[in-house]
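Structural overview
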Amino acid sequence: MNRSIRKVAVIGSGVMGSRIACHFAGIGVQVLLLDIVPPALTDAEKTKGLTVESKQVRNRIVNDALQATLKSKPSAVYTKAVAKNIQTGNIDDDLNKIADCDWIIEVVIERLDIKQQLFAKVEQYRKPGTLITSNTSGIPIHLMSEGRSEDFQQNFCGTHFFNPPRYLRLLEVIPGPKTKPEVLDFLMDYGDRFLGKTTVLCKDTPAFIANRVGVFGFMAVFKAMQQLGLNVDDVDALTGTIFGRPKSATFRTGDVVGLDTLVHVAKELPKNVPNDEAKDIFKMPPFLEKMLENKWLGDKTGQGFYKKVKGEKGKSDILTLNIETMEYQPKVKSKFATIDAAKQVDDLPQRLKTLYNGSDKAGEFYKLFHHLLFAYVSNRIPEISDELYKIDDALKAGFGWEIGAFESWDALGVKKTLEKMKAAGVEVAAWVPQMLETGFTTFYKTENGQRKYYDVRTQSYQPIPGTGAFILLEHMNEKVVWKNAACKLYDIGDDVVALRWNTKMNSIGGEVLEGVQKSIAIAEEKYKGLILANGGANFSAGANVGLIFMFAAEQEYDELDFAIRQFQATTMRLRYSSIPVVVAPHGLTLGGGCEMCLHADAVYAAAESYIGLVEVGIGVIPGGGGTKEMIVRASDRNIKEDIEVNYLQQLFINVGTAKVSTSAHEAFENFVLRPGIDHISINPDRRIADAKRNILATWERGYTQPVQRTDIKVQGRGGLGGLMAGIHGMWRGNYITDYDKFVAEKLAHVMCGGDLSAPTLVSEQYLLDLEREAFLSLCGQRKTLERIQSILTTGKPLRN
């Protein structure tokens, strides 16, 4: 059956349901979002004279839920415009509309009886062959479809999204006893390619994979905390980004998710899996029981492990719960020598070694936690998964771990860690020492660019299924054709090369610029095209501002001028090379990273790309060709649409306010990405492969090196007057500081082409010279140096 998904019904508009609806709407699918009819009128509805039969009343629950989701932060949608793809209704009046849907997703309360009642109603209207799935987080799939027709059961399974579904990439697919294999294949593929998910095929076991191990991880932290006498602040200092977990660490995450949700899963698991060897760890510590009793559930009740209060002068302060006294106290910055040492190590696997081998209480914590985790995951094979990579995939995509459990074990050394676990009295599953005895020393290995995992059933390394469509540069070290201290150039096959650099926040300095120029030269000589793409959390946070600060503070203006010229020359090489160059960004793509995108032949951006020219925030203007490129785009659009000043003003506002697109979709609205030329890869793991296909197609059509432009229309004083008036209005209204005004005027001068009496055609080089001169003059200002220093020391811009 050749399925396509044109319309989806989501039944249940709570926190998960409305966000799932928004995610589908964001990829262009039409969505029918339904919920129950309210049991009674509100006072406001009575005042308006409405009745229980009024449509406004009957759809109140679903409409209120959707509006709350659309207003939520971080945003549940790529752009606000996608809301038009969602139609709302109620189950009593509109359930018949599901007959037009290709996929029906149930997202109602976690009660088996209510789900079964709903499915009985759904079957009255669902057309045969339609996908029907449940977003349950733990109710056995086989129980939900009991009593339903054969066709219903063959097209039914679990599809467990994680909240928020836009940002957490895990989609667990759980088959029922009669689910057709082709249904599972379709959902696994659709989730990957269209929804951007890491799809994991699970067994129908309690809590499936991610929650089973992820919640154990929380409980193991609680155990280690109590055993070592640590407090809430200590634990969140130990369990955040320093060891590859989300910034919210343990207790802040608990407050966001809701303590009741965490406790519900933790309490249910021992009941449903009485033979779990670690069931004692799931017992509720006294402080959790007390918090439940007090209804201190986290953000939803205003307090949990943390509590926000108004301090002196109305400023908000964060208090931390003392789990011994159950009273809130001022937050205290924890200090551990092991953490200080680990902060000096950028590479996460190497950093884990530093943490694990620490000799202070932090080191004890990491040993105890990892020993408990490793023992637990080893015993979940084959209970919850036959393949160990699924556990790692689920933890990374569902809980935001940067490194999976078995990957962590590899990083620390399986054999060495096992010896320490044995000495500590921690037992692992028998298959782990057997694996070592037969000569397999790691859970993962890479051969010829293909990542493999140790398969317990066959006792051999097997390719990870489904990853053939992904090009992951970090696993292709044997394919390196050139490198320097910061960069590696990889041959990714079919005569295409890809450049990756690895610096702090993937910032761009001299070695990266050298790497880009060298890669273009190599590609022009031997290959069909070049891709710029990075690993880690971000594509690039921009130019190395530390270097800029050093040159400017020491008044090394010749060096600074050389550095800016080198940056401009590099972005111009991206634009004017004899081979197609495609940039594949993800995450933060700021300043210089954005400028590289602006000069590429095409961009394949991950949906979660946050792109913008942010230089004015540190008191300069974009100096690597970014300002010039905005002028070029204004000129091209002006010639076509004759809206010269309005479009120029919009681009000026975007650059002058350091506007960052909150998604790749929004980057099109902000004129950073170009319709018909640039593209979005919903699944970030596919962006390099997508970029490679673009290069090969461009090469086959015949690629001709572009010629530098000399026909760029700038507005001169006529355009400058309008921009200056806008700047003055912002300044008079106290929206910008005196120095903001000064920087904005410099930007306006450049974007209008300088002091020209009339609109004039100029060259790219003319604009680059203007841009560079303005950048250098601003670097010599004291307030610019103060802003850069603030970024370097606090990570925050200074508004001076």
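Residues numbered from 1 in each chain as written. Predicted model: local features only at pLDDT ≥ 70, side-chain atom pairs only at ≥ 80, totals over all residues. Heavy atoms only, no water.

Quick look at the overall build of the protein chain
As a reminder of what qualifies: For helices the rule is a DSSP run of H or I covering at least 4 residues; for strands it is a run of E covering at least 2, with both sets numbered from the N terminus onward. The globule rule is 2.2 Å times the number of residues to the power 0.38, and the radius of gyration it is compared with is taken over C-alpha atoms. Working definition: with a 1.4 Å probe on protein chains only, accessible area under 20% of the residue-type maximum means buried, over 50% means exposed, and in between means partly exposed. In this description, contact between two residues means that some pair of their heavy atoms is separated by no more than 4.5 Å. For the accessible areas, the method is Shrake-Rupley and the probe is 1.4 Å, while residue cover comes only from the protein chains on display. His is not counted, nor are the chain ends; Lys and Arg add positive charge and Asp and Glu add negative charge. In plain terms, the charge of a residue is placed at NZ if it is Lys, CZ if Arg, CG if Asp and CD if Glu.
Regarding its fold elements, the protein chain presents 33 helices and 25 strands. Since a compact globule built from 800 residues should have a radius of gyration of about 28 Å, the 28 Å found for the protein chain is in line with a globular shape. Across its three principal axes, the protein chain shows a C-alpha extent of roughly 80 × 70 × 65 Å. Put simply, the protein chain has 800 residues, and 55% of those count as buried. Nonlocal contacts in the protein chain, meaning residues at least 24 apart in sequence, comprise 69% of its contacts between residues at least 6 apart. Carbon and sulfur atoms make up 52% of the accessible area of the protein chain, which amounts to about 34,100 Å² in all. Of the side-chain charges in the protein chain, 97 are positive and 96 negative, and the distance between the mean point of each set is 2 Å.

With respect to helix α1 (residues 15-26)
As a reminder, the rule being used: A helix's residues, less one, multiplied by 1.5 Å, set its expected span.
Counted at 1.5 Å a residue, the expected span for α1 with its 12 residues is 16 Å, and the 17 Å between its end C-alpha atoms agrees. Judged by how many residues are buried, α1 sits mostly within the fold: 11 of 12 residues are covered. Within α1, burial applies to Met16, Gly17, Ser18, Arg19, Ile20, Ala21, Cys22, His23, Phe24, Ala25 and Gly26. At the C-terminal side of α1, Gly28 shows a positive phi close to 95°.

Re the packing of helix α13 (residues 259-272) against helix α14 (residues 286-294)
Two quantities define a packed helix pair, namely the angle between the helix axes and the distance between the axes. Which entries qualify depends on this criterion: Every axis corresponds to a line fitted to the C-alpha atoms, with the helix fit spanning only the stretch in contact, and the corresponding angles, defined between N-to-C directions, vary from 0 to 180 degrees. Roughly parallel means an angle under 35 degrees; roughly antiparallel, over 145; roughly perpendicular, 65 to 115; everything else is oblique. By definition, any crossing whose near helix is turned counterclockwise from its far helix by less than a right angle is left-handed, and any crossing with a clockwise turn is right-handed. All residues other than Ala, Val, Leu, Ile, Met, Phe, Trp, Tyr, Cys, Pro, Asp, Glu, Lys and Arg, Gly among them, are scored as polar; the first ten of these are nonpolar and the last four charged.
Running from N to C, α13 and α14 cross one another at 125°; their axes reach a closest spacing of 11 Å. What the angle tells us is that α13 and α14 run oblique. With respect to the hand of their crossing, α13 and α14 are arranged in left-handed fashion. Between α13, through Leu259, Asp260, Val263 and Lys267, and α14, the contact on the second element is made entirely by Leu288, Glu289, Met291 and Leu292. Considering only residue class, the contact of α13 with α14 consists of five nonpolar, no polar and three charged.

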